[in-house]
Structure formats: C-alpha cells, structure tokens
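Each chain, written out:
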Amino acid sequence: MESPFIYVIILLLSIFESLSGIDYNKGDMGKHFACSSQGFPKENEMIKLYLSTENLFSDQVLWLIDIPRENITRNTEPILQWSLGTVMAQSEVNKLSPHVVDLKAAKCPCANDVALLGFILNTTYNGVYIGLSFSGFWNYHDTKWYDMTDTIYSQLREEHTDLTLIDMVLTNHFLVILTSLGLFISEDLRYPTPQHLQLSRADFCGFERVDYVKGKLWYNERCFANREHFEVDYVTVTFDRNRTLSESSACFYSKEPFLEWQPCLPHILKGVKSAPSSVITFLVDQERDTGVYLFHNRIQNIATASVNILNNSKPNLLPKFPLFQFPSSFSSPVGMIFHPRSHFLYAYGNQVWLSLDGGNTFKLIADFHGDIITKTYHSFYTSDITFVSQSGKVYLTKAGLSKYTKIGNVADKIFTLYYDHLGFIHKLTPDHFEAGRSISTLENSRSIFGQAPDMGFETALAPQYISLNEMLFFAYVPLNEPPETVHTKKFKNIHYGKLIRSRKTGTAYIRKILQHEIPTGFLSSVITEMIDPFGIEEVNESSCLSSSLYINQSGNFSYKLTLDPQNAKALFQDTDIEKTVVIPGHSSFLITSILDGKNALAIATMPNRVPNNVTFLKDSWFLYNFGQRNGRTWNIYSKPCNYWLQQSDDSTSLNIVKYVDLGNSQNLEVKIIPNTKGLRTLETPLVEVLVGDPTLLEVKAKGIFDDADSYIMEISVVSRALRQGSTSLALVVWEAATECFVTTIVPTLKSSCSYLRAMRHIPSESIPVEDWIQGVHRDSQGFNMIKTLPVNYRPPSNMGIAIPLTDNFYHADPSQPIPRNLFHKSKEAGKYKQCANVSTREECNCTDAQKLSYAVAFSDCREKVPRFKFPVTQYPVSLKIFNESVLIPVKSPYLVTVTEVNLRKNWQLKHSVPVKIKKLKNYLEPLLHASVYNPLGLNLSIKGSELFHFRVSVVPGVTFCDLVEEFQIYVDDAPLPFPGHTLIAVAAAVVLGGLIFTAFMFQLRDIHPWSTFWKWMRTRMSAA
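Fair warning: this is a prediction, and the values are worked out from it, not measured in the lab.

Enquirer: So what about the overall build of the protein? Which residues, and what values?
Expert: Assigned secondary structure in the protein consists of 11 helices and 67 strands. For the protein, the residues scored as buried account for 52% of the 1024 residues in total. The long-range fraction of contacts in the protein, counting pairs at least 24 apart against all pairs at least 6 apart in sequence, stands at 60%.

The following block contains the structure:
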C-alpha cells in the first residue's frame, strides 16, 4: 500500500514581504511554525504548514512541529561519530570547576552548533577534560563531557603530572589539542571506529612544559564541505620564547593530516643567532596561497607584517609585498586572525588593524591605549566580530567595516564567548551558560553584557553650526591636561557612525572624525548631521541670555565675553562654565571661566571667524549646554540600523557558495534600502565590493540608485582561466551601523565544478518511474519499450551472440547460473561488482536508484533497459548539462567522445562538422586517441541486436567537470541474417575441391585430357 502523501505549504508571511527578494535588518519578530487541519489528520489529507506571528485559525486544531537540527547534525558532523574518551558524570564535572583558570572553545567549521569546550586547570588538578555540544551550548546540561587524560597519557613516555589543556582547534577533519605536555592530533574524524578517539603526539625538539603552557594555536577557519582537491587545512603553533642556536624556530605549521610540522620561518633564517623579530602569528591565506606573518621586535618595539608566497606549501624566502610596518603606537601585538570564510585579516593587541588585501596594507580600526585585546570571537553567519580586552571590556564590529562599538563588560573572571551557527552569542563559564536571545546585534549582546553603554567621555563639547543641517562638535582639552590622559578627552574611531544626544533635546549623527592641533584647546572634532534640533538654554537657566554680548580678544587664544553693564539681571554664573555661545555665521565660544558677573573667558572653535570687538544684541546669540561640570549633559550611543539589505530570490543564504565553471558566469544582486529617518542619503556607492583573490575570477560590479534612493548592486563573475581555486567575494555596506543584523555578505566563489553539475542524456521518449517499476510502457503501436534483462545477462561480442567477452554483468544474481558461459573466453570474462563476494541478489543491496541507473558501476543492479525495434536509425543523442535545477544544451565548445563500454561494433554516429569544430576535432583526436564529435545534432544508428551501452564524455580543457553520461539501448526483434554468403562459400569450396580431386585422379592414372581433346579435334578436321 502506498504511503499517504502529505502536502506542505510554507507561507513565509513575515519574511517574504517583498516578491523581489529577502529583506534583512527589518527588526525582530516572533515567528513560529504551526500546522492546521480540520480535526485530526487522516490518510491522504492535505496539511498546511504556516510560518506566522499569530494563530491564523482560532477555530481549528493547532499543533507545533519541531524539526530538531541536532538530529540532522548527529549524522553529518564527523566529531559526533566518535567517543572522545571516558564519559563523565555531571558530579565529576562539578568537582573540576574550582580548579579551572580559563576556558577554550572550538567549533566545527561547517556547523558552528557542533562545538567543544575545554577546561584549563591550575596545578592543583591534572587532566584533559572536554565537553561536546551538538546544539550550540544552549543548555549547560546538554553538554557531554569526556575525560581524555588516559588517551593522552598513552602517548607519553615519562611526564604524567601537571597535565592540562592549553588550546585546541577543530578543523574540518581533525582535532588538534595543545596541552602542557605536548601537541596531540586526532585520527581522521571522517572514519569513525567503535573505540575511543586516538591521538598522536607531535614532537618538537627542545620544547618542554614551560614552553607548551605559553603556546598558542592559530587556524584560518574555512568550511570544506564538498571538499575540492585544492582545499586543505593548516594549523600553526607558536611558543612565547626566543629560539636558541639548536632550535629552528619557535613557530611551526602543518597541513592536514598534521603529521609533519615545519618551521614557519624561511630556511635562510636557520642558524642565525637571533632572528630580527619573533613570530607572533603565522597564518596561511588559502585564497592567495600565501603565508602571512605578524612579527614583533621586542628590542625596538616594532611590529611588522609580511606576506610570503607558498611554494609546495612552504613560504618563499622573499616577501610578496614590501613589509608593512605598524606605527610605534601598536606596541603590544597579541595576534592576527582571518574572519572565517573571508579574506578580512585582523591584527590585534592594544590596537585593532584591518587588512583587505591579504596583509599588504592595514588600516587602524581601534586604539585602546593602555588596554589590550586578548581574545577575538567571530560569527561567519552575521559577520559579527567581538573583541574582549584584558580589563573585561567587550567591543563589537562587523567584518569589513571601519567602525566599531562598545557593547558592555564581562564581570566573570573565567569565561569564554562563542557564536553558534545562527549568529547568537553565548557566554560560557565553568558552571553555567548564557545565550543571546535575538538576532539583533543590540538585543543579542544586551542579554549577556547588559544595557548598551554610553560611549561619551568626560569633557565639554562646543557645537559649531556649518549649515542648517550640519554641526561640528569640538572636544575640549584643558591646557593643563596631563599628556598621558589627553586621549581620554578626544573623539576616537569608536564614535564614528554613532549618535550624539543632548540631555535636554536633540540628536545628531556623527559622519566624520577629525584630529587636529588647532584651534588651541580643541584637539578633535566631529562632523555631524542633525536628526533632531538641540535644545538651547533659556533665560531662567542662564540669566546672561537677557543681555547683549560684547566680544574682544584677551590673550593669544582666549576671548573675553562681556554682558551689558546696564542690565543688572544679566549675570554670568558658575553654572555657565563649559556652556557654548553660538552666534549664527560666526565662531562659537566655549566658556572656560567666569571673571565676574559681567565678564567671562572663552576659547573659539573657529578663530578665523571670530567677530572681534563686536556687540551682539539680545536674542541674536544663543547658549548651548554640552558641558560636564555638573554631570555630563550629553551622551554618545550606537545608531539603530539604518539600512535594509535585500537579496535576489536565488540567493537565500548570506554566505552562499557559488561554483563558476570554466567559461561560465554567475550573477549576484543586492539591494540596499535606506532607513535613515530624516538623514540625507549619500550619493556615493553604498556597497564596497572586495575580492579575496582578484586573479582567480573576472569580477564586474555595476551599481545604480533607483527612484526611491535604494542602491542596487549587480555583480557578474566569469571564469576565463584554466585555473581552479576558491575566493571570497565581500559585499560591505560600509555606511551601515554595527547594530544591523546584516552589513556584510561574503559568498564563496569557487572556480571549479559544482557537485550539482552533471551531464544528462535526454531519451527520445520519457518513461515514467511507475512504468519502470512495472516493466511495461507501450508506444502508440503497442510495442513495449522496456526490456527486462535475463538474470546474469552479458551482451554479445563481435565473435557472436553466444560468446560474450565483457566483464559487465547486468541483472546479476550470484545464486543463479550464468547463461552463455560455454566457451573458455566467456568463462574468463565477467566480474561481479555490487554483487561480489555475496551469494544472493538480496545481499547485493541494490537500491531503487541503482536499479534504474545507467552507470556501468551499477550494472549488477540494472534489471530493465529501454527497448527499441531493429533497426535503430538516426536516434537523436540529446545531451544537456544539469546545473542547479537548470538544463543547458550541450554544444560547442563542449565536444564529446562516444564509446561502447562492452566494446561492441555495428553502430555509427552522424554529426555536423563546421569549420571551427573541424579544427578542434583535428587537434584533439590525435591527443585523445578517440573520435571527437559535435554534440549538437548528434545521431546514432545501430545495426546490431541486443544491449548496447554507450558512454559519452566531454573532452578535457573546456570544463572543470568530469562530464560523463551513459545510456543504454536494447535492440530487439532483429530478423535472422540471410545465409547467402555461407551458401556461396560452401558451393565454391565444393566446386574447387571437385576440380582439384579430378585433376589429381587424371594425374594419378596418367590421363591427359588436353592431349586427347586436341587429338580428337585434329581427327575431325581431317575427316572434314
């Protein structure tokens, strides 16, 4: 009985608001799936599945459907197929918490919800303990803990004390663990066994526990699902020590399977007494096939970056680019890391630097002065990058953006952060987990780090109008400010793209940060765009506003402000200090001190626009309060998301993988919709297009504004070179706020063959699957077009029907006799494939797909084949390339070769050969030692009988794919051959034999018929 059909209709009511694509950054909405039906479902009943924010039908039975991702993940992720060690009870884990001094997390590159958490222990406890989560650490008690101590001890000869985890990396196929007693590598995770996961130890001569505890692992995270031959993982280990004469390096790297570890430094530096700089980090850029170094010269306190080409996976002696030297302010470099699946390279320490060109150049993103970034955490899905400083402050940026923001602090002494596969951030501690609850950046972090902090700083601001909608804010630095704290009273990069808000009223958007030495007292300023007008002081707040104002210069850079002495009520007060006098069309003045009730000193924001010795009447000048004398009256906060990003219908993933075959192209399109709420839309391109490896593919971008001020970016990618590789393509909305869910899209482009790309033969008549199962499909004349092959069938050879010579069995059954197996050559031929080493057909385990497959690899399973009447003439060999649900006709330059897999003859092909194709054909045939055909208009004629099995292959050099297709034709109802040739041959042989025998008998009897004949003729002539 057939299983009931369930039709599921997914109505994305909240997400697909626009028919043109998917919109991101529109805010959070509670969504859920619900099924609806009239009462309880019955067989063959239609069930509708809705995605909604509320119940659609209140009078119907409603229920929720849970499709747990972990059920899928368990069967696909390699690490989940293993037992990492001895399973620990929760009580045993609880005993470890007091001894934990730090945590290390590692996640699967292709499924970030599969992750590991390791305990770093103090010297009072011993062992390696790792927790495994298949659901992204959402629930503390769902984590399965393993004790790997015995596994590691089995690889050690002596040292069995003070063992703890130091660092770990989970690559696509291996687990690399750095412990206090050495570096250990797992066996290949793709091939699980019932035993515990086994580890091997990498030996580094001269390195001891004191070195390992200060070691670090570095890994460029990339997902190698459907792995290509050019994709390989690299891992680096660095040790914080100066190498000695007997040591080749304090930095080593290896590629999987991580059996051989090579020094990071080129060979020219071997044997040098002391290297000019120590290696902080060495990363392999797989897109550009280079190695990127971060050096630090501790003596000169200089940090440099170097990019070296890799030859046979080894760095070249000479750098690819000139060394990039960071300024001396980058005095405490800690590390360098690529954002996952991208070419964004970050160097961090007391500053954060970003490289968009593989390490050739860097630009400053953030300066933390005395504070140092010690850890970074990344989400490839949302492009979030979180920096945590040694003081516990947490900062956030988006991949590729030049802006960043502060999102809070972490009070826990022992913690680590982790992003799951959906971009939710988690705070992990030894005894509990916390998770963000929203995809919005602010809401995601707020649940862990608290309310978004004020990013203002303790000083007064002086506003200066530029136009009706633009305003400058100058940050005041007192002349007596100590040099070491001057930076605390300046605008910094963190303020770019933020909002200045007045405690009274008013908001402005910071568009640009300016650093300068003049005017005196103002070392930095920002250009802002007004969103809401700022409130001015009233007379009841500052009585000086009731008077006129006289301005004259007093000293080199200060100005004296004088009120009308006749107005007794108008007085300067101490509360007016750090307030700003604003005069339209002239410089503003920040009041710095009060001389008396009628006079005050101020400094000008624009000295060249000071109205010296000029009196301004009452109500022609204004007073703004952006001071901090009696508590700061202004704040700086992050700006809400200001752009919506819309993708086209065929790009439903933020990090999609696109394959570009040789000579083919891929197109991408994004639409940026401004949500600026009163701000003007910039007339510059809103999207920056960055390519990881510009030499791999030809990328063209075209951007236009539509009538609604939305920006549309169209990108075309073409593969023109016979070179395989992978590169990331980043689309960065550079003006977007860090609070946007999506600011950066990083699709991966592979100059290679898609695993979905294949060549298909389109039969002249389509036969439904149901008919294949039944074995009957009749044409208009009642002819059954399906042939059920005999058991253990083998096609005939050129020696005759009864003498098969092929190794391929069809409809194989080892329990049944083999027909046509009388001759010695036939007995030697014929080998089972799927049915090898089994005794029955059931044990062959043939699937339904294999039974219908034309591939020779599954010939054992093939039972039924297409059947045609003899003769087959001009059969159209129609070929199409199937590529992601699109069928493309196979035509030039995709020339093909055609072979019969069982080496049968009696068939021929007919095709058209234009001049261009003839040249290619003449060039390729000597190289391939095979006939080359034009696939367009290819026709097949068969004069033989029974099964013909053809293989069609596209010639190399025109595609990265191994495009091969097979099809079968069974020719039936062939007439018996007329025996005329045989009869003539027999008759000729009989006549020739008779003549030879007669001549022999005449010779034997000494009879000479020729002489007798001439004698008779002469007698007749004489008688005449």
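Enquirer: Quick rundown of unusual backbone geometry? Include the residues and the values.
Expert: Geometrically, the link from E256 to P257 is a cis peptide bond, its omega value of 15° lying close to zero. Mapping P257 onto the fold places it in the loop between strand 17 (251-255) and strand 18 (262-263). Here F870 and P871 are connected by a cis peptide whose omega angle stands at -5°. Of note, P871 is situated in the loop between strand 59 (864-869) and strand 60 (872-876).

Enquirer: Help me get a handle on the sheet that holds strand 28 (residues 373-378), residues and values and all.
Expert: In space, the 4 strands of this open sheet follow the order 28-29-30-31, with antiparallel pairing throughout. Here the strands that pair on one side only, and so sit at the sheet edges, are strand 28 and strand 31 (404-409). Pairwise comparison of adjacent strand axes, ignoring direction, gives a mean angle of 25° for this sheet. Two elements, strand 30 (residues 393-398) and strand 31, share 5 bridges in a ladder whose sense is antiparallel. Paired with Y395 across the bridge in strand 31 is K406.

Enquirer: Describe the environment of L563, listing the residues and the values that go with them.
Expert: Summarising the element assignment, L563 is placed in strand 41 (residues 558-563). Measuring from C-alpha to C-alpha, the distance between L563 and A600 comes to 8.9 Å, with 37 residues separating the pair along the chain. When near neighbours in sequence (up to four residues on either side) are disregarded, L563 contacts C544, S547, S548, L549, A570, L571, F572, G597, K598 and W621.

Enquirer: Any details on the state of the cysteines? Residues and values, ideally.
Expert: One pass over the structure, following the stated rule, counts 6 disulfides. Here C251 engages in a disulfide with C264; their sulfurs sit 2.0 Å apart. Looking along the S-S bond of the C251-C264 disulfide, the torsion reads about -75°, which is the left-handed sense. In this pair, C251 is assigned in strand 17 and C264 in the loop between strand 18 and strand 19 (278-285), connecting sequence segments 13 residues apart. Taken in N- to C-terminal order, the disulfide-linked cysteines of the protein are connected 1-2, 3-4, 5-6, 7-12, 8-9, 10-11. Free of any disulfide, C108 has its nearest neighbouring cysteine sulfur in C110, separated by 5.5 Å.

Enquirer: Describe the packing of aromatic side chains, and please don't skip the residues or the numbers.
Expert: Taken as a whole, this structure holds 52 aromatic pairs when the rule is applied. An angle of 80° between the planes, with centres 5.0 Å apart, marks the rings of F324 and F326 as edge-to-face. The same class applies to F324 as to F326, namely buried. With 6.4 Å between their ring centres and 25° between their planes, Y624 and F626 make a pair best called stacked. Given the relative accessible area of 5%, Y624 is considered buried. For F626, a relative accessible area of 1% gives the class buried. An aromatic cluster is defined as three or more aromatic residues linked by ring pairs; in this entry it consists of F174, F204, F207, Y212, F239, F252, F258 and W261. Sitting above the plane of the Y509 ring, K639 keeps its charged end 5.5 Å from the centroid. Against the face of Y933 rests K921, its NZ or CZ located 5.6 Å from the ring centre.

Enquirer: How would you summarise the sheet that holds strand 66 (residues 946-954) if you had to cite specific residues and measurements?
Expert: The strand order across the open sheet built from 5 strands is 58-59-67-66-63, with neighbouring strands paired in mixed fashion. Both outer strands of the open sheet, strand 58 (786-788) and strand 63 (896-900), are each paired with one neighbouring strand and no more. Each strand of the sheet is rotated relative to its neighbour by a mean of 40°, with strand direction disregarded. Relative to strand 67 (residues 964-972), strand 66 runs antiparallel, the two sharing 8 bridges. Considered in strand 67, the bridge of S953 is made with V964.

Here is what the cut-offs are and how they apply
- All residue numbers refer to positions counted from 1 along the written sequence of the respective chain.
- Residue-level local features of this predicted model are given only where pLDDT is at least 70; pairs of side-chain atoms are given and counted only at 80 or more, and the full residue set underlies all totals for whole chains, interfaces and linings.
- Only hydrogens and water are removed before side-chain values are computed, so all heavy atoms of the structure are retained for them.
- Numbering of helices and strands runs from the N terminus; a helix is a DSSP stretch of H or I covering at least four residues, while a strand is a stretch of E covering at least two.
- Three exposure classes are used, based on accessible area relative to the maximum for each residue type with a 1.4 Å probe and protein chains only: buried under 20%, partly exposed in between, and exposed over 50%.
- Contacts are assigned to residue pairs that have any heavy atoms within 4.5 Å of one another.
- By the convention used here, strands pair only if DSSP detects at least 2 bridges between them.
- To obtain an axis, a line is fitted to C-alpha atoms, over the contacting stretch when the element is a helix, and the angle between two such axes runs from 0 to 180 degrees between their N-to-C directions.
- The definition used for a disulfide is geometric: two cysteine sulfur atoms within 2.5 Å.
- Two rings from Phe, Tyr or Trp (for Trp, the six-membered ring) form a pair when their centres sit within 6.5 Å of each other. Planes less than 30 degrees apart are called stacked, planes more than 60 degrees apart edge-to-face, and all others tilted.
- Here, over-ring charges are defined by two tests on the NZ atom of lysine or the CZ atom of arginine: distance to the ring centre within 6 Å, and angle to the ring normal within 35 degrees.

Geometric descriptors of this kind do not, in isolation, establish any biological role.
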